[in-house]
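Commentary on secondary and tertiary structure
Below are the chains, spelled out letter by letter.
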Amino acid sequence: MRSPKCYFLILLIQSVSIISFHHYMMAIRGETSVVKVDVGIILDLETDVGKVMHISILLALEDYHANASRSAIRIVPHLRDSKKDNVEAASAAIYLLKDVQVQAIFGPQMSTQTDFVIDLGNRVKVPIISPATSPLLTVKENPFFIRGALPSSSQTKAIAAIVKNFDWKEVVVIYEDSPYGTGILPHLTDALLEISTLVSYRSGISPSANDDQIHRELYKLKTMQTRVFIVHLQPSLASRLFLKAKEDGMMSDGYAWIITDVLTSLLDSVDPSVIESSMQGVLGIKPYVPRTNELINYTKRWRRRFRQVYPDMDIAELNVFGLWAYDGITALAKAVEKVGGTAIPKFKNTETRENLTDLDALGTSELGSLLRHSMQNTALKTALSGEFRLINGELHPSPYQIVNIVGRGQRSVGFWTEKDGISCKLKMNGKTEAKCNNKQLGDIFWAGESTIPPKGWEIPTSGKKLRVGVPVKEGLEQFLKVEIDSKTQEVTATGFCADVFKEVILSLPYALPYEFIPFQIPDSPTSPDYDDLAYKLFSEKFDAIIGDVTISANRSKYVDFTLPFTESGFSAVVPVKDDDRKNAWIFVKPLKSELWITIGAFFVFIGFVVWVLEHRVNKEFRGTKQEQVGMIFWFSFLTLVFAHSKPLTQSKSYTSFIYILASFSINHVWLVVSEERVTSNFTRFVLIVWVFVVLVLTSSYTASLTSMLTAQKLQPTITDLNDLIKHGEYVGYQKGSFVRGVLKRMKFDSTKFRSYSTLEEYNDALSRGSKNGGVGAIVDELPYLRLFLNKYCRKYIMVGPTYKTAGFGFAFPKGSP
């Protein structure tokens, strides 16, 4: 019989065994219920950025597993080092997809490495979450590519806004001659063209370029006019560039340098001595990361972990790529949790064939499409990088911060958002406040310790003068007169156009040396004209053109014009009709000479008829022959200037014919001039008809004479240009002018054209008229016609509509600053 103590001991051992077995079974059941998801990670662990992202990924997975302890999903990372080699990155991706059968890959970093890995992801249907920034890698063309960083093209509008803010018209882009550097060029060029800024030169620098090659490229840039440089280089190459730029004197007053986001974000990896000695005054742009308490705490954790994982190297600084890696892995983990089930299916293998390569042996993921769909449009409520939101597989652009490099650090001077543009301050929700002191940007210290913004261009250091083309022609020297010294061959230009140009040069805040180069415009119609002069500028024979050069659409295809400095338009000048009011013989003008002769003949005829009818029965019409002839002409004269009336008389045997002045009065006094007697009824009948005719003639004559005396003084001979075409008149124009082409388009006969050079030739041609070897009108631009009418104002008048032109302007090459 057992003792009570032994019984109690056996019972205790059995209870402990049962409890231990229960916990063991629970542990086994728990292990079997955990779903493992394999995720590949490809980083360049030989670079600081790769190490920064590695630590961020480890912390992101730890935080996910700690916060999701009740979840049945566990993400297992498989890290591979690409060793800064494209082949190594491709090999690592094949291994992860073929042997490990990962359901997603984070990486690689470099765009050249990512290109091939994306193709593998599309083939295997595995999402590739890469921080590659090259715009050449497009999400639309690669359905399984998810960009875990902002593409370099997203910053181009922010850079363009900075350029526009300082009104720079030309820039030079210095880029890395690699897929990383070339991808931004078309996007940056388009953004600058939208603000009418030209990329005057693209300077590609190879990553393997030595110092001598960089020096030669900088010397070439120094001899150009443009002084605004946009630098898109990796930190290692950028350090060498700025050191050489400092040696060559290109970090001095007058130069403007802008660095892109990657270089600005990774500026901590640049040697501080390089920053302090060679990058002072540089403007930079980078994605804005709000400094929150979560970020401050995370940064402390990140530094501790970095020292643990990489104890043999100096501590690196956490950058935006590390934050994007943390947020990207967090988004991937949430997507896996969303689509994961009790078991993750393995790859669907291809049919077994002999001699399969590694690529042929790759299967197809059954989970990849679900993960891609879940990640393409996702957002993190609390992201370390600020706002981490994926839209159609692309990271949504965040505000950009504009910084100024001063000392060893960066000083914020403003922000940029696509909605509000440049602003001085930024709220945490991304909306801009009111402008700071009416300024878009804070105070900036430029290269050379200057606080004055560079104007953007300078005369090249070679001392080359501005070559100014001037047209040389005869006449109209009031606008431009070009003289060449026979001894020194020095060219001088005077006149209104030259004076305007010289005043502009004097008003500039800097010296601009120039020299005049003459361009002959001969008299021959087939010789060079102003259009040829504009084309010479386009072909780089000149740097500018001044003079009476009209702004036209045809010339604007080759050159850029300034604003016009004269009135615009062209019209016609024609002679005025003679002013007859001062002519002593104006009283004969109302009637034509043929009518005067006819009236005179009828006067004599009527006098003769009256004499024939009266001289036999009327004593008044008798006498000597001289008296009878005088009576005939006297009677005719009376009928010309007097009207007639028939008053009552005492005698019935005769009628008095009294002549009273009807229409001519002086001081309203009617004068009785004469009285003659006629006795024959036939004479009376003739006189009745003749008096009516004379009344009509005198009334018409009086009205016409009155109209002539009261009409306007100046009357044009032609009122419209169409009259010239109808009448077949010759038309004059200035030699070398574009007016000839305009007249041809207006359907003028080119055989009726005559060209002239001086105001005196204009006057002579108009005076002679078309029938005498001259012209009926001169068609020219308003400034010339105003000058002509100022000299010959009494003889000519401007007629017809004024056809609009753009006026005179100075011409420069396309895109000239």
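Relevant structure appears above.
Now for a look at the structure at hand. (Residues numbered from 1 in each chain as written. Predicted model: local features only at pLDDT ≥ 70, side-chain atom pairs only at ≥ 80, totals over all residues. Heavy atoms only, no water.)

1. Let's talk about the packing of helix H23 (residues 759–768) against helix H24 (residues 782–791)
Selection rule: Angles shown run from 0 to 180 degrees and are taken between the N-to-C directions of axes, each axis being a line fitted to C-alpha atoms and, for helices, limited to the stretch in contact. A helix here means a DSSP run of H or I that spans at least four residues, while a strand means a run of E at least two residues long, and both kinds are numbered starting from the N terminus. Just so you know how the angles are binned, under 35 degrees is roughly parallel, over 145 roughly antiparallel, 65 to 115 roughly perpendicular, and the rest oblique. Any two residues having at least one pair of non-hydrogen atoms within 4.5 Å are treated as being in contact. The nonpolar class holds Ala, Val, Leu, Ile, Met, Phe, Trp, Tyr, Cys and Pro. Asp, Glu, Lys and Arg form the charged class, and all remaining residues, Gly among them, are polar.
For the pair H23 and H24, the least separation of the axes is 10 Å and the interaxial angle reads 70°. If you check the angle between H23 and H24, you find them roughly perpendicular. On H24, the residues touching Leu759, Glu760, Tyr762, Asn763 and Leu766 of H23 are Tyr784, Leu787, Phe788 and Lys791. Considering only residue class, the contact of H23 with H24 consists of six nonpolar, one polar and two charged.

2. A few points about the pairing of strand E9 (residues 256–259)
Rules: Only protein chains enter the accessibility calculation, which uses a 1.4 Å probe. A residue is then buried if its area is under 20% of the maximum for its type, exposed if over 50%, and partly exposed in between. The handedness of a crossover follows from its direction of travel: if, with the strands pointing away from the viewer, the path from the first strand over the helix to the second runs clockwise, the crossover is right-handed. Pairing between two strands requires that DSSP report at least two bridges joining them.
Side-chain alternation along E9 places Ala256 and Ile258 on one buried face and Trp257 and Ile259 on a second face that is also buried. With helix H9 (residues 235–247) bridging strand E8 (residues 228–232) and the parallel E9, this β-α-β connection has right-handed handedness. With two bridges connecting them, E9 and strand E10 (residues 283–287) associate as parallel partners. What sits directly across from isoleucine 258, in E10, is leucine 283.

3. Quick notes on the sheet that holds strand E14 (residues 400–406)
One open sheet accounts for eight strands, arranged E7-E6-E8-E9-E10-E14-E15-E16; its pairing is mixed. In this open sheet, the two strands that pair with only one neighbour each are strand E7 (198–205) and strand E16 (421–423). Each strand axis lies, on average, 25° off the axis of its neighbour in the sheet, ignoring direction. Note that strand E6 (residues 170–176) and E8 share four bridges and pair parallel. From the neighbouring strand, valine 173 faces E8, where its bridge partner is isoleucine 230. Running over the sheet, H9 touches E6, E7, E8 and E9 and is turned about 175° from E9.

4. Notes on the nonpolar core
Side chains of nonpolar character tend, in soluble globular proteins, to be buried together. Short version of the rule: We define a nonpolar core as any set of buried Ala, Val, Leu, Ile, Met, Phe, Trp, Tyr and Cys residues linked to one another through side-chain atoms lying within 4.5 Å.
By size, the foremost hydrophobic cluster in this structure holds 86 residues, and its most contacted members are Phe106, Leu192 and Trp302. Beyond its immediate stretch of four places on either side in the chain, phenylalanine 106 contacts Gly40, Ile41, Ile42, Leu43, Met53, Ile57, Ile129, Pro131, Ala325 and Ile329. In this structure, Phe565, Tyr762, Leu766 and Phe808 belong to the second largest nonpolar core, which totals 36 residues.

5. Describing the environment of threonine 112
With respect to the helices and strands, the residue threonine 112 is situated in helix H4 (residues 111–124). You can call threonine 112 partly exposed: its relative accessible area is 34%. Along the chain, threonine 112 and leucine 136 lie 24 residues apart, while their C-alpha atoms are 10.0 Å from each other. Those residues within four positions of threonine 112 in sequence are excluded, and the remaining contacts are Asn86 and Pro179.

6. What about a nonpolar patch on the surface?
Which entries qualify depends on this criterion: Only residues whose relative accessible area exceeds 30% and that form no salt bridge enter a patch; like-charged residues are grouped when within 9 Å of one another, and nonpolar side chains (Val, Leu, Ile, Met, Phe, Trp, Tyr) when within 5 Å. Each accessible area is a Shrake-Rupley result for a 1.4 Å probe, and residues are judged covered by the shown protein chains and nothing else. The salt bridge criterion pairs a side-chain nitrogen of Lys or Arg with a carboxyl oxygen of Asp or Glu, the two atoms within 4 Å.
A grouping of Phe685, Val689, Phe692, Val693 and Val696 is seen on the molecular surface, where their side chains present a nonpolar patch of about 480 Å² in accessible area. Position of phenylalanine 685 relative to the elements: it lies in helix H20 (residues 681–710). By relative accessible area, which is 56% here, phenylalanine 685 ends up exposed.

7. Description of the packing of aromatic side chains
Note the following rule: In summary, the pairing rule links any two rings of Phe, Tyr or Trp, Trp by its six-membered ring, whose centres are within 6.5 Å, and it sorts them by plane angle into stacked for under 30 degrees, edge-to-face for over 60 and tilted for everything else.
Using the criterion set out here, one finds 34 aromatic pairs in the structure. Ring centres 4.8 Å apart and planes at 40° place the aromatic pair phenylalanine 565 and phenylalanine 810 in the tilted group. Of this pair, phenylalanine 565 sits in the loop between strand E22 (559–561) and strand E23 (570–575) while phenylalanine 810 is found in the loop between strand E30 (796–803) and strand E31 (811–813), placing the two residues 245 residues apart along the sequence. Owing to a relative accessible area of 6%, phenylalanine 810 belongs among the buried residues under this scheme. Judged by centre distance (5.6 Å) and plane angle (55°), the ring pair of tyrosine 784 and phenylalanine 808 falls under tilted.

8. A look at unusual backbone geometry
Note that the residue after glycine 107, namely proline 108, is joined by a cis bond; omega there is -5°. Here the phi dihedral of serine 196 falls at roughly 60°; this positive angle occurs in a residue that is not glycine. Mapped onto the fold, serine 196 is located in the loop between helix H7 (185–193) and E7. Classification of serine 196 by relative accessible area gives exposed; the value is 56%. For glutamate 540, which is not glycine, the phi torsion reads 65° and is therefore positive. In this fold, glutamate 540 is placed in the loop between helix H16 (530–538) and strand E21 (544–545). You can call glutamate 540 exposed: its relative accessible area is 62%.

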